[in-house]
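# Summary of the model geometry
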There are 2 protein chains.
Amino acid sequence: MEYKFEVNANEYLPLREVVFNNLRDAILKGQLKPGERLLENHLADKLGVSRTPVREALRMLEQENLVELIPRRGAQVLDISAEDIKNILEIRKALEVVSIRHACQKMDEESLKELKAYNAEFEKAFENEDYEGVATSDEKFHDVLFRAAGNLKLVAIISNIQAQVYRYRMAYLKVYETKTAVINHHRNIIEAVEKHNEEMGEKVMAEHIEHQTQVILESLKK
Amino acid sequence: MEYKFEVNANEYLPLREVVFNNLRDAILKGQLKPGERLLENHLADKLGVSRTPVREALRMLEQENLVELIPRRGAQVLDISAEDIKNILEIRKALEVVSIRHACQKMDEESLKELKAYNAEFEKAFENEDYEGVATSDEKFHDVLFRAAGNLKLVAIISNIQAQVYRYRMAYLKVYETKTAVINHHRNIIEAVEKHNEEMGEKVMAEHIEHQTQVILESLKK
DNA sequence: TATAATAAAACTGTATACTGTATAAATGAT
DNA sequence: ATCATTTATACAGTATACAGTTTTATTATA
């Protein structure tokens, strides 16, 4: 019998996906700045591929609302206004509320443990002023809630929405007053989920997102 | 002085957009059926273009959740389960509620008139059993509400969401009991908007979408 | 007749070549 | 110098060519 390496079918990624992930990342992290033009040739050279996969990746990024394509002019990183941020966070609020309602109804012990674990991570990171850590554990915290909702479409939309305001996340967390407010929100969310108290969950989550909106919009004025 | 034809800058559409619109339409109308494979060469020949714009259009359709791309295998029209429909309509409900809250707060006279006009169209079409007409005036009715909300991101997401369940729209409207229920919903929505009664609007809209969900899921069982 | 091995065909993935249109640079007129 | 006019350049849009992989058809084998 002949042996083969067990090749994971997921191992292969088309170049367009690689390019897509690359660019997406660079945009989210702010390495590619709003308004910056994305020249196909330039990107292709830099990434060591031909224009074809770059172009396809750009079409995907357009649909994700991360870049803007102007016919015969090319792509540029989408700029986002204060109004946009308000609009996006309003949508996020509505969807997070849906998701926590479900979570309050049917979250199991396992997920609840996870939720608490990520929250511990979250608080610790805050103590250490490790904002990168705060951000990632915050994401994980919310992810548990989405997943508990058991609505995959919801997860997809929220993560798309989030990508659009990702850049402003750090500014938010670093604002001094955020810390105590957000830690409280999270604790209340856990309590609501634990007690299966939908109304409470809904209320706290709405506050949580509204607070975030306030702070981000405030910080934008400067 | 020399005259030139006033050339509208928006007149030019890249082929990928043309192909995209074409395929999108065909999928929404059910001419391309769920599960059906979309062969690049075939489509390119049929539309009289090369594979390049077809491929780019497919990437866009993937991001719109209308087709599924399997690496090295190609594209196929995305199939949708009852679960998906439930999930999607739950999201739609949340977003329509957001939008009607705004509409109740700040809809102007002009838009209100439009709303009533489309609703008259809607009721008349129902009388004439012109379901195509019912569907389009219903769309316009809801569009007025979205637009009143003044949140462009919301409009974009809802229309994407709607595209995914577009196929089931007719089955819904043709169910006998739908007629009276929906006509009532619409009338109540108008009343709520007119009286700036947010709570009422929210309640009616939620019912409206829930009803739709019920009927569609029911009709799927057959 | 089923099953495995092999060969052929059909597709997708990627690169490259070509075309036409904007944009920027260079030239010339006022 | 400033503005218009031409020319050159850079770029996106589209088509095509080729490579590699999967699927299907064909043949061989039990």
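Up top you'll find the structure we're talking about.
Since the model is a prediction, treat every value here as computed from it, not as a measurement.

### What about the protein's contact with DNA strand D?
Contacts to DNA strand D come from 21 residues, most closely from A:Arg51, A:Arg55, B:Leu15, B:Ser50 and B:Thr52. Between DNA strand D and A:Arg51, the relevant distance is 2.9 Å, taken from a base oxygen to a side-chain nitrogen or oxygen of the residue. For DNA strand D, a sugar or linking oxygen lies 3.2 Å from a polar atom in the side chain of B:Tyr12. When contributions to the surface near DNA strand D are tallied by element, the ones reaching two or more residues are helix 3 (51-63) of chain A together with helix 1 (15-28) and helix 3 (51-63) of chain B. For the surface near DNA strand D, the per-class residue count stands at eight nonpolar, three polar and 10 charged.

### Here's the deal with the interface of chain B and chain A
Residue-level contacts link 33 residues of chain B with 33 residues of chain A. Both faces considered, chain B and chain A share a buried interface measuring about 2,900 Å² in area, 58% of it formed by carbon and sulfur atoms. Our enumeration of links across chain B and chain A arrives at four salt bridges. For the pair chain B and chain A, the number of links is 11 residue pairs in polar contact (both at pLDDT 80 or more). Of all the elements in the fold, those that place two or more residues in the side of chain B that touches chain A are helix 1, helix 3, helix 4 (82-106) and helix 7 (152-165) of chain B.

### Let's talk about the environment of B:Gln214
Within the secondary structure, B:Gln214 sits in helix 10 (residues 198-220). Distance from B:Gln214 to B:Gln63, taken between C-alpha atoms, is 28 Å for residues 151 residues apart in sequence.

### Here's the deal with the packing of aromatic side chains
The full count for this structure, using the stated rule, is four aromatic pairs over all chains. On the numbers, 5.4 Å between centres and 85° between planes, the contact of A:Phe122 with A:Phe126 is edge-to-face. Of this pair, A:Phe122 and A:Phe126 both sit in helix 5 (residues 109-127), four residues apart, which is roughly one turn of the helix. Taking the relative accessible area as the measure of exposure, A:Phe122 reaches 0% and is therefore buried. Under the relative-accessibility criterion, A:Phe126 is labelled buried at 2%. Between the aromatic rings of B:Phe126 and B:Tyr131, the centroid separation amounts to 6.2 Å while the plane-to-plane angle is 90°, which identifies the pairing as edge-to-face. Here a set of aromatic residues connected by ring pairs shows up, and it is made of A:Phe122, A:Phe126 and A:Tyr131. The ring of A:Tyr12 has B:Arg72 lying over it, and the distance from NZ or CZ to the ring centre is 3.6 Å. Between B:Arg169 and the ring centre of B:Tyr166, over which it is positioned, the NZ or CZ distance is 3.9 Å.

Parameters and conventions
- Residues numbered from 1 in each chain as written.
- Chains lettered and ligands numbered in written order.
- Predicted model: local features only at pLDDT ≥ 70, side-chain atom pairs only at ≥ 80, totals over all residues.
- Heavy atoms only, no water.
- Near = heavy atom within 4 Å.
- Polar contact = N/O pair within 3.5 Å; in protein donor to acceptor, adjacent residues only side chain to side chain.
- Helix = DSSP H or I, 4+ residues; strand = E, 2+ residues; numbered from the N terminus.
- Nonpolar A, V, L, I, M, F, W, Y, C, P; charged D, E, K, R; others polar.
- Contact = heavy atoms within 4.5 Å.
- Buried area = accessible area lost by both parts, 1.4 Å probe.
- Salt bridge = Lys/Arg side-chain N within 4 Å of Asp/Glu carboxyl O.
- Phe/Tyr/Trp six-rings, centres within 6.5 Å; stacked < 30°, edge-to-face > 60°.
- Buried < 20%, exposed > 50% of the residue type's maximum accessible area, 1.4 Å probe, protein only.
- Lys NZ or Arg CZ within 6 Å of the ring centre and 35° of its normal.

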